[in-house]
Amino acid sequence: MSTTNTENTIPIIQPLELIDKCIGSSIFVLMKDDKELVGTLRGFDDYINMILDNVTEYSYSEDGSSRTESKLPSIILNGNNVAILAPGLSEPPKHEINQDCRF
């Protein structure tokens, strides 16, 4: 006789469901071209093409010693160029952390 314990079961959340829960929230996006963006997620589609509002775009120098910031009212991102999404961040993580994630 087998018993199942549903009290300890962790619910399974699919990636698109998690992104859907982030609509209206701040999100950090690392692009394949090493650009980093932080903005409010307005919407996305099945290909992770996204619309962000109140965007700050961060670019780093070749040696990583300097960073420039650009403010944009909104932007459309191509999901093919998205490397990493991190919900809830209002600024990029420390640059040294991201160094291992470069494509």
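Parameters and conventions
Residues numbered from 1 in each chain as written. Predicted model: local features only at pLDDT ≥ 70, side-chain atom pairs only at ≥ 80, totals over all residues. Heavy atoms only, no water. UniProt positions renumbered as here; feature names shortened; annotations may be inferred. Pairing = 2+ DSSP bridges. Helix = DSSP H or I, 4+ residues; strand = E, 2+ residues; numbered from the N terminus. Axes fitted to C-alpha atoms, helices over the stretch in contact; angles between N-to-C directions.

The protein chain carries the name U6 snRNA-associated Sm-like protein LSm5 in an unreviewed UniProt entry, which gives Naegleria gruberi as its organism. Taken from UniProt, the Subunit (unreviewed entry) comment for the protein chain reads in full: "LSm subunits form a heteromer with a doughnut shape." The UniProt entry for the protein chain carries the following text under Sequence similarities (unreviewed entry): "Belongs to the snRNP Sm proteins family."

(A) Quick peek at the sheet that holds strand E3 (residues 50–60). Overall, antiparallel pairing links the 5 strands, which are arranged E4-E3-E2-E1-E5 in an open sheet. Of all the strands in the sheet, the pair left with one neighbour each is strand E4 (67–77) and strand E5 (82–87). Mean inter-strand twist for the sheet, computed between neighbouring axes without regard to direction, equals 30°. In terms of strand pairing, strand E2 (residues 36–44) meets E3 through 7 bridges, oriented antiparallel. If you follow Gly-43 over to E3, its bridge partner there is Ile-51.

(B) Representation of the pairing of E2 within the structure. Bridging between strand E1 (residues 26–31) and E2 involves 5 bridges; their strand directions are antiparallel. Bridge pairing in E2 places Ile-27 opposite Gly-39. The antiparallel pairing of E1 with E2 creates a hairpin that spans 4 residues between the two strands, and Asp-34 there sits at a positive phi of about 75°. With antiparallel pairing between neighbouring strands as the criterion, E2 and E3 make up a hairpin whose turn holds 5 residues, including Ile-48 at a positive phi of roughly 65°.

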